[in-house]
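The residues making up each chain are set out below.
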Amino acid sequence: MKNIRAVIFDLDGVLVFTDKYHYQAWKKVADRLGVPFDEEDNNRLRGVSREESLEIILEKYKGDPLSAEDKKKLTEEKNAIYVNLLSQMSREDVSRSVRRVLSDIRERGYKLAVGSSSKNAGLILEKTELKDAFDAVSDGNNITKSKPDPEVFLKGADMLCEAPEHCLVVEDAKAGILAGNAGGMYTAAIGDAVKSGKADYDMFSLSELLYLLD
Ligand code: BG6
Ligand code: MG
């Protein structure tokens, strides 16, 4: 990796394990619709917007046709369940090792941003007291296209005043790795994204970043 100056972190599934709450909330909606939905299906929703997630779930839906209004209600229902689950989050939901990795990287002079598709990123950062660890937050509220489109990361790089080729994206979603690649950034996969085989680097743990960055 040459001349990396900034690291853009996905949030859900990389820094905090809200992916389990997304799963629980979608599972309730899917059960009510009579749609089979397991953790494997849930992996397809990683990094994907709320609306697109619903469309993926509805691929196996066999009930009466749903109007745009019905779909809006379903995404609102999912979000209400999800936000309720988030209310139990606190500083303890970010591990000491994650905080240490973030502070070490920053002390070494790298700029740090969040690049998340979630409209709830601000709430999560607030509840976990993680916001001050970053120089910028690019999230689902400032984008029109969700990952694998690179928009969220390009906006993050812009906020940091860094060119894409000087940025490293850290992601747990295949869609996020593809987004980072499409944006001309270096990519590091963790968790489920490793299976994609599309990242420049595969990591078992976030602390490997300390060795990846020179
Ligand atoms: C991403 C998650 O971070 O945010 C996706 O990986 C989720 O699963 C997306 O659908 C949108 O989240 P929210 O909080 O705006 O519904
Ligand atoms: Mg993620």
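Since the structure is predicted, the reported quantities are computational estimates derived from the model, not experimental observations.

Criteria and thresholds
- Residues numbered from 1 in each chain as written.
- Chains lettered and ligands numbered in written order.
- Predicted model: local features only at pLDDT ≥ 70, side-chain atom pairs only at ≥ 80, totals over all residues.
- Heavy atoms only, no water.
- Helix = DSSP H or I, 4+ residues; strand = E, 2+ residues; numbered from the N terminus.
- Contact = heavy atoms within 4.5 Å.
- Buried < 20%, exposed > 50% of the residue type's maximum accessible area, 1.4 Å probe, protein only.
- Pairing = 2+ DSSP bridges.
- Right-handed = clockwise from strand over helix to strand, strands pointing away.
- 1 Å grid on protein atoms, 1.4 Å probe; cavity = no way out; pocket = protein on both sides within 12 Å on 5 of 7 lines; lining within 4 Å.
- Points joined across faces, edges and corners; volume = space filled by probe spheres on them.
- Nonpolar A, V, L, I, M, F, W, Y, C, P; charged D, E, K, R; others polar.
- Domains from an automatic or database assignment.

### Looking at the side chain of T75
Position of T75 among the secondary structure elements: in helix α4 (residues 68-86). When residues no more than four places from it in sequence are discounted, the contact partners of T75 are W26, R50, E51 and L54.

### So, unusual backbone geometry
Following K147, the chain continues to P148 via a peptide bond in cis, the omega torsion being 20°. Phi at E129 takes a positive value of approximately 55°, unusual for a residue other than glycine. Looking at the secondary structure, you find E129 in the loop between α6 (121-127) and β3 (136-138). Taking the relative accessible area as the measure of exposure, E129 reaches 49% and is therefore partly exposed. The phi angle at C161 is positive, at roughly 60°, despite the residue not being glycine. Turning to its location among the elements, C161 is positioned in the loop between α7 (151-159) and β4 (167-171). Of the residues examined, C161 reaches a relative accessible area of 65% and is grouped as exposed.

### A look at the pairing of β4
Most of β4 sits inside the fold, with five of its five residues counted as buried. Bridge analysis of strand β1 (residues 6-9) against β4 gives four bridges, and the strand direction is parallel. Residue pairing across strands places V7 opposite L168, the latter belonging to β4. Here four bridges tie β4 to strand β5 (residues 186-190), and the two strands are oriented parallel to one another. Across the sheet, residue V170 finds its bridge partner in β5, namely A188. For the segment spanning β4, helix α8 (residues 174-182) and β5, crossover handedness is right-handed.

### Some thoughts on the layout of surface pockets
For the largest pocket, the calculated volume is near 460 Å³. Contributing to the lining of the largest pocket are 30 residues, with V48, S49, R50, S117 and S118 lying nearest its centre. Contributions of two or more residues to the lining of the largest pocket are made by α1 (19-33), α3 (50-57) and α4. No other element matches the four residues that α3 contributes to the lining of the largest pocket. Class assignment for the residues of the lining of the largest pocket results in five nonpolar, 13 polar and twelve charged. Each of domain 1 (6-17 + 94-212) and domain 2 (19-86) gives at least three residues to the lining of the largest pocket. Roughly 220 Å³ of volume is contained in the second largest pocket. E40, N43, R44, R46, V48, I56, K174, A175, D192, K195 and S196 together form the lining of the second largest pocket.

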